[in-house]
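Observations on the model geometry
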Amino acid sequence: MADGESSISEAADAVEEASDTKALDIVARSGFAVMALLHIIVGAIAVAIAFGQPGQAEATGAIEQLGANPWGPAVLWSCVVGCTGLAAWQLSEATLRSRHLPRKQRLGKLVSSGFLAVAYGSVGLSFAGFAVGVRGDSGDTTRDFSTAVLNTPLGLPLLVAVGLTVMGVGVYFVVKGLRRGFKPELFRFEGTRRGRLIDSLGVAGHVAKGIALNLAGLLFVIAAAKHSPEESTGLDGSLKALRDHMFGPYLLVAIGAGFICYGLFALVRARFGRM
């Protein structure tokens, strides 16, 4: 039995060493850059929506913008590679690289990095879908998901749980921003004027993203409470709903600017952050 466990450990060490390559590092960093660019585009669309312009302020809308040029297919496939590499890196963080951590930290890493691996992988699939001509709308996808959940025996509590989970992630981003919990990810410019600017981008970006996620999660809860899946329209729908309120356009501009700040912070993170 001990020999078997030793062999498994040695195999895991070999796989971890193989995954710890410069090539994966470069591809994963390019994936971070792709995610940064998506946030910048979503932020710009949100600001445009505040001034009455059309657009989808979510990932598929940003992907559509990236693909709308003569180099679109090449750009989209490059983004597929970047997101896939980033998902693979997060998966290795969740499993191989966390094997030697204490049990509690290992479990936390499995949940956090595992979730990110799935999230980045799904974005990569969205890029691939657009690259082959299968274009989706995240609002429709969210409504279909809510409908499917509500049609299950435990649909109501499940959809509430989904909404509360999304809101929990939003609260996490707000707290992380206000407490500057992102600093361990990017400490190269600590104590410099450039570092203070990067910190400001990180705070504004994390808080804005957290607020947007809370709005999106709230729509899931409202959809469950009203038993009306069409109420859950994802990030784009939650941001557009702000337009109809008295101070909504101002808040929408602030959130859009915050997304742009988050994207700029993430670009610096992609280049200089800890991997």
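Now for a look at the structure at hand. (Residues numbered from 1 in each chain as written. Predicted model: local features only at pLDDT ≥ 70, side-chain atom pairs only at ≥ 80, totals over all residues. Heavy atoms only, no water.)

1. Section: the overall build of the protein
- Of the regular secondary structure elements, the protein holds 10 helices and 0 strands.
- Ordered by position from N to C terminus, the α and β elements of the protein give α-α-α-α-α-α-α-α-α-α.
- The buried share among the 275 residues of the protein stands at 42%.
- In the protein, once contacts between residues fewer than 6 apart in sequence are set aside, the share between residues at least 24 apart is 75%.
- For the protein, the computed accessible surface area is about 14700 Å², with 66% contributed by carbon and sulfur atoms. (Helix = DSSP H or I, 4+ residues; strand = E, 2+ residues; numbered from the N terminus. Buried < 20%, exposed > 50% of the residue type's maximum accessible area, 1.4 Å probe, protein only. Contact = heavy atoms within 4.5 Å. Areas by Shrake-Rupley, 256 points an atom, 1.4 Å probe, with all protein chains shown as cover.)

2. Description of the state of the cysteines
- Applying the stated criterion across every chain, the model contains 0 disulfides.
- In this structure C79 is not part of a disulfide, and its nearest cysteine sulfur, from C83, lies 6.4 Å away.
- A residue is classified by how much of its surface remains accessible, and C79, at 7% relative accessible area, is buried. (Disulfide = S-S within 2.5 Å.)

3. Looking at the environment of E185
- With respect to the helices and strands, the residue E185 is situated in the loop between α7 (155-178) and α8 (193-226).
- Put simply, E185 and G273 are 88 residues apart on the chain and 5.6 Å apart in space, counted from C-alpha to C-alpha.
- Those residues in contact with E185 that sit more than four places away from it in its chain are K176, R269, G273 and R274.

4. A look at the packing of α8 against helix α9 (residues 234-242)
- Direction vectors running N to C along α8 and α9 enclose 100°, while the axes themselves pass 8 Å from each other. Regarding the angle of α8 to α9, the classification is roughly perpendicular. Residues A212, L215, A216 and L219 of α8 lie in contact with α9, whose contacting residues are G234, L235, G237, S238 and L242.
- Residues that form the contact of α8 with α9 fall into these classes: 6 nonpolar, 3 polar and no charged. (Axes fitted to C-alpha atoms, helices over the stretch in contact; angles between N-to-C directions. Parallel < 35°, antiparallel > 145°, perpendicular 65-115°, else oblique. Nonpolar A, V, L, I, M, F, W, Y, C, P; charged D, E, K, R; others polar.)

5. Focus on the pattern of salt bridges
- In total, this model carries 2 salt bridges according to the counting rule given.
- The salt bridge partner of R29 is D25, with a shortest N-O separation of 3.1 Å. Remark: D25 and R29 occur in helix α2 (residues 22-50); sequence separation between them is 4 residues, near one turn of the helix. The exposure classification of R29 matches that of D25, with both residues buried.
- Of the charged contacts in the structure, one is a salt bridge between K183 and D199, with a shortest N-O distance of 2.7 Å. On the criterion of sequence distance, the pair formed by K183 in the loop between α7 and α8 and D199 in helix α8 is long-range, its members being 16 residues apart. (Salt bridge = Lys/Arg side-chain N within 4 Å of Asp/Glu carboxyl O.)

6. Examining the nonpolar core
- M35, L38, A57, L86, F127, L239 and L252 are the most contacted members of the largest nonpolar core, which totals 34 residues.
- Secondary-structure elements contributing two or more residues to this core are α2, α3 (59-67), α4 (72-94), α5 (103-131), α9 and α10 (248-272).
- Here the element with the most residues in this core is α2; it accounts for 11 residues.
- Those residues within four positions of M35 in sequence are excluded, and the remaining contacts are C83, L86, Y120 and V123. (Core = buried A, V, L, I, M, F, W, Y, C linked by side-chain atoms within 4.5 Å.)

7. What about a positive patch on the surface?
- Together, K22, R188, R194 and R271 make up a positively charged patch on the protein surface.
- By the element assignment, R188 lies in the loop between α7 and α8.
- For R188, a relative accessible area of 57% translates into the label exposed. (Patch = residues over 30% accessible without salt bridge, like charges linked within 9 Å, V, L, I, M, F, W, Y side chains within 5 Å. Lys, Arg positive; Asp, Glu negative; His and termini not counted. Charge placed at Lys NZ, Arg CZ, Asp CG, Glu CD.)

None of this, on its own, says anything about what the molecule does.
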